[in-house]
Amino acid sequence: MKMTDAHSLTLYTINMSHYSEKIRWLLDYENIPYQEEALTPAVHTLPMLLKGKRQQTTVPLVQRGSECVQDSPRIVNWLSMEYGPLKTMPAALQEEIVAVQRRFDAIGKPVARYLYLPGFAHDELIKTIWTQFSTPWESAVVRLFYPVIKPVFKIKLKINPKDVAKAEQKIDAEIRWLEEELKKGRYLVGDRLTVADITAASLLAPLACPVEHPIYGTKEFREKMAGPAQKWADSPALEWVRNLYRDHRGKIWVRTPRS
Ligand SMILES: N[C@@H](CCC(=O)N[C@@H](CS)C(=O)NCC(=O)O)C(=O)O
């Protein structure tokens, strides 16, 4: 592993973010040391905008020294260059892996859209999840402005019945694609875990609700947010996600709250 820099690596996340989970899983699996900063939704926007310098407010974002990289596929590339070769990104299979990564990155927003529609019927649950790692003032601000943040969020993420119906079709198509692929073997590319599997499993994890995940694995999340995903609960694709979590992920991170 190329360790030319004395600076440590920080991963900025939001606790419920599946794109963040993708990078967290990759770092854990590759044994790349990092510390995690779990941000409070809404409060995250300005720091991510400033650090990312891409007119984007998204997590995940990694920082080492003054260097910041935003956007999960760009982070994967950067980690490959800086800490590679990664066992989850064998050079000979890179093209295939990146194609599968792109495919599942594209369902991240539909998955979020699909879960937030029922989720937003449970404001207290959303507020509790959003403020899990907040400082007291962040928590107070988010709770106070929640009646404004919620409609803005719904517009930004297109959480409305028409777009959710489209999201459902897209998710369904990808689940069917995955089922077909899994008939060929346990891993999507090659014969061991790669970024392709990590991406597919992370992005589908909020639907599969693996018990190892500190949020998706809870009874409340499963019932109140992922309830409609029951229609796929027994699909071999989501079963595969849960098995991958059991075999290659294990119990995940519980971050110490900031004081
Ligand atoms: N293409 C980005 C998408 C990341 C993304 O959509 N992240 C969501 C959380 S899952 C987010 O940060 N949403 C808040 C925002 O857009 O400000 C990636 O792969 O990192």
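Up top you'll find the structure we're talking about.
Definitions and limits used
- Residues numbered from 1 in each chain as written.
- Predicted model: local features only at pLDDT ≥ 70, side-chain atom pairs only at ≥ 80, totals over all residues.
- Heavy atoms only, no water.
- Near = heavy atom within 4 Å.
- Polar contact = N/O pair within 3.5 Å; in protein donor to acceptor, adjacent residues only side chain to side chain.
- Areas by Shrake-Rupley, 256 points an atom, 1.4 Å probe, with all protein chains shown as cover.
- Helix = DSSP H or I, 4+ residues; strand = E, 2+ residues; numbered from the N terminus.
- Nonpolar A, V, L, I, M, F, W, Y, C, P; charged D, E, K, R; others polar.
- Axes fitted to C-alpha atoms, helices over the stretch in contact; angles between N-to-C directions.
- Parallel < 35°, antiparallel > 145°, perpendicular 65-115°, else oblique.
- Contact = heavy atoms within 4.5 Å.
- Buried < 20%, exposed > 50% of the residue type's maximum accessible area, 1.4 Å probe, protein only.
- Salt bridge = Lys/Arg side-chain N within 4 Å of Asp/Glu carboxyl O.
- Pairing = 2+ DSSP bridges.
- Phe/Tyr/Trp six-rings, centres within 6.5 Å; stacked < 30°, edge-to-face > 60°.
- Lys NZ or Arg CZ within 6 Å of the ring centre and 35° of its normal.

Trainee: Describe the site of the ligand, with residues and values.
Mentor: Around the ligand, the structure places 13 residues, and the nearest of them are His44, Thr57, Asp71, Ser72 and Lys109. Side-chain polar atom of His44 to an oxygen atom of the ligand: 2.8 Å apart, as the coordinates give it. Between a nitrogen atom of the ligand and a side-chain N or O atom of Asp71, the distance comes to 2.6 Å. Out of a free accessible area of 510 Å², the ligand has 81% covered by protein chains. Mapped by element, the contributors of at least two residues to the shell around the ligand are α1 (18–29) and α3 (72–83). By residue class, the composition of the shell around the ligand is 4 nonpolar, 6 polar and 3 charged.

Trainee: So, the packing of helix α4 (residues 94–105) against helix α8 (residues 161–182): which residues are in play, and what are the values?
Mentor: Interhelical geometry of α4 versus α8 gives an angle of 150° and a closest axis separation of 11 Å. Judged by the inter-axis angle, α4 sits roughly antiparallel to α8. Counted together, Val100, Arg103 and Phe104 of α4 and Glu174, Trp177 and Leu178 of α8 form the full contact between these two elements. Across the contact of α4 with α8, the residue classes break down as 4 nonpolar, no polar and 2 charged.

Trainee: Give me the lowdown on the side chain of Ser139, citing residues and values where you can.
Mentor: Topologically, Ser139 is positioned in helix α7 (residues 136–156). For Ser139, a relative accessible area of 18% translates into the label buried. Apart from residues lying up to four places away in sequence, Ser139 is in contact with Thr131 and Ser134.

Trainee: Quick rundown of the pattern of salt bridges? Include the residues and the values.
Mentor: Overall, the coordinates contain 21 salt bridges when judged by the stated rule. The closest approach of N and O atoms between Asp247 and Arg246, which form a salt bridge, is 2.8 Å. With a relative accessible area of 38%, Asp247 lands in the partly exposed category. Each of Glu21, Arg24, Asp28, Glu36 and Arg249 takes part in a single network of salt bridges with overlapping partners.

Trainee: Lay out the pairing of strand β3 (residues 61–64) with the relevant residues and their values.
Mentor: A two-sided burial pattern is seen for β3, the buried positions comprising Leu61 and Gln63 on one face and Val62 and Arg64 on the other. Direction of pairing for β3 relative to strand β4 (residues 67–70): antiparallel, over a ladder of 4 bridges. Within the sheet, the bridge partner assigned to Gln63 lies in β4 and is Cys68. In sequence, β3 turns back onto β4 through a hairpin of 2 residues, with Gly65 there showing a positive phi of about 60°.

Trainee: Talk me through the packing of aromatic side chains; I want residue IDs and the actual numbers.
Mentor: For the structure on display, the rule yields 12 aromatic pairs. With a centroid separation of 4.8 Å and 65° between ring planes, the pair formed by Tyr116 and Phe153 is classed as edge-to-face. Here Tyr116 is found in helix α5 (residues 108–119), whereas its partner Phe153 is found in helix α7, with 37 residues between them in sequence. Owing to a relative accessible area of 23%, Phe153 belongs among the partly exposed residues under this scheme. Pairwise contacts between aromatic rings join Tyr116, Phe120, Trp130, Tyr146 and Phe153 into one cluster. Its guanidinium or amino end placed over the ring of Tyr29, Lys87 lies 4.4 Å from that ring's centre, counting from NZ or CZ.

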